[in-house]
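Per-entry structural report
Here is what each chain is made of, one letter per residue.
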Amino acid sequence: MTTLASGVKTFGNFIDGKWIPASSGNTSENRNPADNRELLGIFQRSNEPEVNLAVEAAQAAFRKWSRVPAPRRAEILMRTAAILEERKEEFARDMTREMGKVLKETRGDVQEAIDTAYYFAGEGRRMFGLTTPSELPSKFAMCTREPVGVCGMICPWNFPMAIPSWKLFPALVAGNTCVIKPAEITPLSLMNLMGALTQAGLPAGVVNVVTGHAHEVGKVLTEHPLVRAVSFTGSTEVGRIVGVSCSHTFKRCALEMGGKNPMIVLDDANLDLALEGALWGAFGTSGQRCTATSRIIVQKGVYRRFAEELAKRAQLLRIGNGLDENMDIGPVVSRQQMETVLHYVEIGKREGARLACGGDRCDNAGCGHGFFVEPTVFTDVEPKMRIAQEEIFGPVVSLLPCNSLEDAVEIANGGDSGLSSALYTRDVNRALEAIAGLDAGIAYIDAPTIGAEVHLPFGGVKQSGNGHREGGVGALDFYTQWKTVYIDYSDRLQRAQIDRPE
Ligand code: ADP
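In this text, all values refer to a predicted model and were calculated from it rather than measured experimentally.

Let us look at the nonpolar core. In terms of nonpolar packing, the biggest core is built from 94 residues, with Leu168, Leu172, Val207, Ile296, Phe306 and Leu310 touching the most fellow members. In terms of domain composition, this core takes at least three residues from each of domain 1 (48–257 + 465–484) and domain 2 (261–445). In this structure, Tyr344, Val345, Val381 and Met385 belong to the second largest nonpolar core, which totals 30 residues.

In structure tokens:
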């Protein structure tokens, strides 16, 4: 790592405990989306040779690391958590400058990594296997969890420390070694996490970071024959490509993809609570969460009141640089993202939805050099409109009227995705009906679609995922494989299914 006269650092890849430049000599700038004039760092734009080096380092480290007793591996996670706690404010500020979300949210992102480290450190003394009776006498049967090998991890930019921690910490406690790629635009937070792991005593080569672009790094990782598992979080389109690529070498592959998450508000709901939840769910992280509330399905009796009040309150949200503690919403992550969001606003207008507020680039003082988009509410949206079907990943929410709970659940389920969902009602029977009826991996009652806790399974159904879960003990199922062990202490040949003792 070198520092320029301007104070801007140039980061290498972190491979086998050393800083390694891209052999191509190419680099990328990391800039602040709240003020694009600010340069945070220069990162390597790597290619196949760096991925190969990293995978080989991980493969070499695997032999030793996989034999370290799990409780010892867990101690490193415990120390990592403590270091992250000490440096939480510094890392949160770096993250706000790197990807824009407001400080209270980036503190939450670092906290999520801390929680994940403590949780999986605990697993170091659990990681339970199975014992079960054998069908034969004097024979013992058990299953133990073994690490899978070198794991490749491909990350998005919206949770630049939390998501890498979801992938790395269960993999590490289980004894795997890792090659991880941050999103092109948020490498700094992953370098901060890597720094904490190294300071905590993680041996060289156990985690390797390769920065760079989708095809030059990500694709190579999914194709590398020594990589045994790939964990990906990102868009459904890319997830499909990653899944196909992994299948050629029969890699395990966990895909965490997009959503079009519905919130249902019934006539009997506590409207103030639902409005507060809608603002947080739709506009927190500028709507750039895979669990963001993007469709609000409101029963007709309260629809008009809810729509008017939501638009009114959305316009009161304070937009600006996330380092300012008074702000509610920061910028979207990049110019490209801003253009995508504004393009969807045009689509919504063309489709005939009513623009109740927002819809434009924000021109507040101090926003001129950033990518700020006004919180946007569309009302009178039809279920088949593109703005009600496609993931926008920005501060845009669609309101759809419904007649009943049944109608609402049908609208909610009418799409390809199924990540998160929410319902506001005071009626416990209707709440339980909805929980059973919603096609989603996550359901909230009287809370918005965002707010996952690290010790519970996280993931979606339909095209939001491919059946795996992050978070909780389910993550260990992905990062371990079963070894089935039979111990025959009868001192004679016993044949299963054939020798059937009376
Ligand atoms: P986002 O819009 O959140 O960046 P993407 O799905 O485009 O979502 O990207 C998520 C991650 O996947 C990024 O790290 C990106 O570089 C990586 N990626 C994109 N295309 C590919 C690919 N074909 N193979 C492997 N990784 C990819």
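This part takes up the domain arrangement of the protein chain. Examined at the domain level, the protein chain breaks down into domain 1 (48–257 + 465–484) and domain 2 (261–445). For domain 1 and domain 2, the distance between their C-alpha centres works out to 31 Å. Buried surface at the junction of domain 1 and domain 2, both sides included, amounts to about 1,500 Å², of which 61% is carbon and sulfur. Looking at the side of domain 1 facing domain 2, the largest losses of area belong to Val102, Glu105 and Trp157, adding up to 31% of the total buried there. At the boundary of domain 1 with domain 2, the tally comes to 2 salt bridges.

The next point concerns the site of the ligand. In the vicinity of the ligand, 19 residues are found, and the nearest of them are Cys155, Lys181, Glu184, Ala214 and Ser235. At 3.0 Å from an oxygen atom of the ligand is found a side-chain nitrogen or oxygen belonging to Glu184. Ser235 places a side-chain nitrogen or oxygen 2.7 Å from an oxygen atom of the ligand. Burial of the ligand by the protein amounts to 84% of the accessible area it has alone, namely 550 Å². Of all the elements in the fold, those that place two or more residues in the shell around the ligand are α7 (214–223), β12 (227–233) and α8 (236–247). When the residues that make up the shell around the ligand are grouped by side-chain class, the tally is 11 nonpolar, 5 polar and 3 charged.

Now for helix α9 (residues 271–283). Over its 13 residues, α9 extends 18 Å from the first C-alpha to the last, a length consistent with the 18 Å expected when each residue adds 1.5 Å. Every buried residue of α9 is accounted for by Leu271, Ala274, Leu275, Gly277, Ala278, Leu279, Gly281, Ala282 and Phe283. Turning to α9, the residues buried within the fold contact β14 (261–265), β15 (293–299), α10 (300–316), β17 (376–379), β18 (396–402) and β20 (420–424). Its side-chain oxygen placed 3.3 Å from the backbone nitrogen of Asp272, Asn270 serves as the N-cap of α9. Looking at the residues trailing α9, positive phi occurs at Thr285, about 55°.

This next bit is on the pattern of salt bridges. Here the structure, examined in full by the defined rule, presents 30 salt bridges. Put simply, Glu75 and Arg72 hold a salt bridge, and the shortest N to O gap is 2.7 Å. Taken as a pair, Glu75 and Arg72 lie in helix α2 (residues 70–86) at a separation of 3 residues, close to a single helical turn. A relative accessible area of 30% places Glu75 in the partly exposed class. For Arg72, a relative accessible area of 44% puts it in the partly exposed group. Between Arg107 and Glu89 there is a salt bridge, and its shortest N-O distance comes to 2.8 Å.

The 7 strands are arranged β16-β17-β18-β15-β14-β20-β21 in an open sheet whose pairing can be described as mixed. With one partner strand each, in any of the chains shown, β16 (354–357) and β21 (442–445) form the two edges of the open sheet. Mean inter-strand twist for the sheet, computed between neighbouring axes without regard to direction, equals 25°. The pairing of β20 with β21 spans 4 bridges and is classified as parallel. Looking across to β21, one finds that Ala422 is bridged to Tyr444. Strands in contact with helix α11 (residues 335–351) are β16, β17 and β18; relative to β17, the strand with the most contacts, it is inclined by about 20°.

Conventions we followed
- Residues numbered from 1 in each chain as written.
- Predicted model: local features only at pLDDT ≥ 70, side-chain atom pairs only at ≥ 80, totals over all residues.
- Heavy atoms only, no water.
- Core = buried A, V, L, I, M, F, W, Y, C linked by side-chain atoms within 4.5 Å.
- Buried < 20%, exposed > 50% of the residue type's maximum accessible area, 1.4 Å probe, protein only.
- Domains from an automatic or database assignment.
- Buried area = accessible area lost by both parts, 1.4 Å probe.
- Salt bridge = Lys/Arg side-chain N within 4 Å of Asp/Glu carboxyl O.
- Near = heavy atom within 4 Å.
- Polar contact = N/O pair within 3.5 Å; in protein donor to acceptor, adjacent residues only side chain to side chain.
- Areas by Shrake-Rupley, 256 points an atom, 1.4 Å probe, with all protein chains shown as cover.
- Helix = DSSP H or I, 4+ residues; strand = E, 2+ residues; numbered from the N terminus.
- Nonpolar A, V, L, I, M, F, W, Y, C, P; charged D, E, K, R; others polar.
- Expected span 1.5 Å × (residues − 1).
- Contact = heavy atoms within 4.5 Å.
- Pairing = 2+ DSSP bridges.
- Axes fitted to C-alpha atoms, helices over the stretch in contact; angles between N-to-C directions.

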